[in-house]
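The chain contents come next:
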Amino acid sequence: CGLGVLSPAAISQQVSAWLHPPAASTPASAPAEDLSLPEENDPFQGVFLSLDQLADAQTLADGYDGVILPMKTADGALGYVSALPLAADAGASSGDPDRNEVLRALNDTPGLYTVAQVSCLRDSALVREEPGLSLHRVSGSPWLDESRQGWLDPAQPQVQSYLIGLCRELAQLGFDEILLTDCGFPTQGDLDSLRAVETFCRQLQGALADTPVTLSVMGQRDSVTADPVSGQTTALLATFGRVWTQAEDQEALAAFDPVVLPAVS
């Protein structure tokens, strides 16, 4: 920073080089399966699947680079069985006792790239169970967005521990990538909160550093402004392995060559 100003694209390329150094050459007698991120000039093309399509995931993935599965939805429900006590207390875990084995088998499918979508801070189930973990209005009541969903406060150590625990479980299930959506403060409604998004993201990145999973994030268009309400800055987005976007925000985030999140099938 003392030598000049770097563009977001340059920062992104440099951080990507740090996070994904070139792999050592593999002997010809033991070729390694290539599940690396697509080349920058070859945008990732994924298909979003619902959990009742798991049995047909490999067939439905034909013609795509990978599948995207909802492992934590905006209401806090998990697509797998979590061992975290807070997930059990909130009734968030999947009710299918075989779900984790099905996911492990799917993630082990040769040539199939799997992405776990995690609605990070949007979590009505946990807010109902532990109101003290939510973003709050000045009055003290939990803050709800325009969809009446509650949001977690990333400054709370218990929130950080819970989300880090979920992501580590997903990495252990064998997902190739974890996509954080709703990873920033909501940009609509009555907002009055300190911004702790960057601190939380750094902690999560550090917690997953010993796993092979790629951590990606859904970018918000206000990140390119001088003082983003969402708490996402261009410098923060540049530290992730991939930036995703909604179609309407693609132009605003063009410096990161974002991948457009496909519609739910």
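The coordinates are above.
Calculation notes
- Residues numbered from 1 in each chain as written.
- Predicted model: local features only at pLDDT ≥ 70, side-chain atom pairs only at ≥ 80, totals over all residues.
- Heavy atoms only, no water.
- Pairing = 2+ DSSP bridges.
- Helix = DSSP H or I, 4+ residues; strand = E, 2+ residues; numbered from the N terminus.
- Buried < 20%, exposed > 50% of the residue type's maximum accessible area, 1.4 Å probe, protein only.
- Lys, Arg positive; Asp, Glu negative; His and termini not counted.
- Salt bridge = Lys/Arg side-chain N within 4 Å of Asp/Glu carboxyl O.
- Contact = heavy atoms within 4.5 Å.
- Core = buried A, V, L, I, M, F, W, Y, C linked by side-chain atoms within 4.5 Å.
- Arc of directions from axis to C-beta.

Caption draft 1: Layout of the sheet that holds strand β6 (residues 242-245). The strand order β1-β2-β3-β4-β5-β6-β7 describes an open sheet built from 7 strands, whose pairing is parallel. Two strands bound the open sheet, and with one partner strand each, they are β1 (46-48) and β7 (259-260). Of the strand pairs in this sheet, strand β3 (residues 114-119) and strand β4 (residues 177-181) are connected by 5 bridges, and their pairing is parallel. Within the sheet, the bridge partner assigned to Gln117 lies in β4 and is Leu179.

Caption draft 2: Local environment of the side chain of Glu169. With respect to the secondary-structure elements, Glu169 resides in helix α6 (residues 157-172). Despite its burial, Glu169 pairs with no opposite charge; the closest candidate is Arg104, at 8.6 Å N-O. Residues contacting Glu169, with those up to four places away along its chain left out, are Tyr80, Ser82, Ala83 and Leu84.

Caption draft 3: Region of the structure containing the nonpolar core. Membership of the largest hydrophobic core comes to 59 residues, with the highest contact counts inside it found for Tyr162, Leu170, Ile178 and Leu180. Of all the elements, α6 adds the most residues to this core, at 8 residues. Filtering out sequence-adjacent residues up to four positions away, Tyr162 remains in contact with Lys72, Leu78, Leu84, Leu86, Ala87, Ala92, Asp123 and Leu126. The next biggest cluster of nonpolar side chains, apart from the first, holds 10 residues, and it includes Ile68, Leu179, Met218 and Trp244.

Caption draft 4: Examining the pattern of salt bridges more closely. Overall, the coordinates contain 7 salt bridges when judged by the stated rule. When the shortest N-O distance is used, the salt bridge between Arg104 and Glu101 registers 2.7 Å. With Arg104 and Glu101 both in helix α4 (residues 99-107), this residue pair falls 3 residues apart, about one helical turn. Taking the relative accessible area as the measure of exposure, Glu101 reaches 52% and is therefore exposed. The partner of Arg202 in a salt bridge is Glu198, with the nearest N and O atoms 3.0 Å apart. On the criterion of helical spacing, the pair formed by Arg202 and Glu198 is a turn pair, its members being 4 residues apart in helix α7 (residues 197-207).

Caption draft 5: Local environment of the side chain of Thr181. On the secondary structure map, Thr181 appears in strand β4. Those residues in contact with Thr181 that sit more than four places away from it in its chain are Gln117, Val118, Ser119, Cys120 and Met218.

Caption draft 6: Structural context of unusual backbone geometry. The residue Asp182 is not glycine, and still its phi comes out positive at about 55°. If you trace the backbone, Asp182 turns up in the loop between β4 and α7. Phi angles above zero are rare outside glycine, and Asp257 is one such case at about 45°. You can see Asp257 is positioned in the loop between β6 and β7.

Caption draft 7: Region of interest: the pairing of β6. On β6, burial covers both faces: Arg242 and Trp244 on one face and Val243 and Thr245 on the other are all buried. Pairing analysis gives 2 bridges linking β6 to β7, with the strands arranged parallel. Paired with Trp244 across the strands is Val259, a residue of β7.

Caption draft 8: Representation of α4. Buried within α4 we find Arg99, Asn100, Leu103, Leu106 and Asn107. End-on, the buried residues of α4 take up no more than an arc of 125°, which puts them together on one face. Here the buried face of α4 lies against α2 (57-60), β2 (66-72) and β3.

Everything listed here is a matter of coordinates, which is why it stays silent on function.
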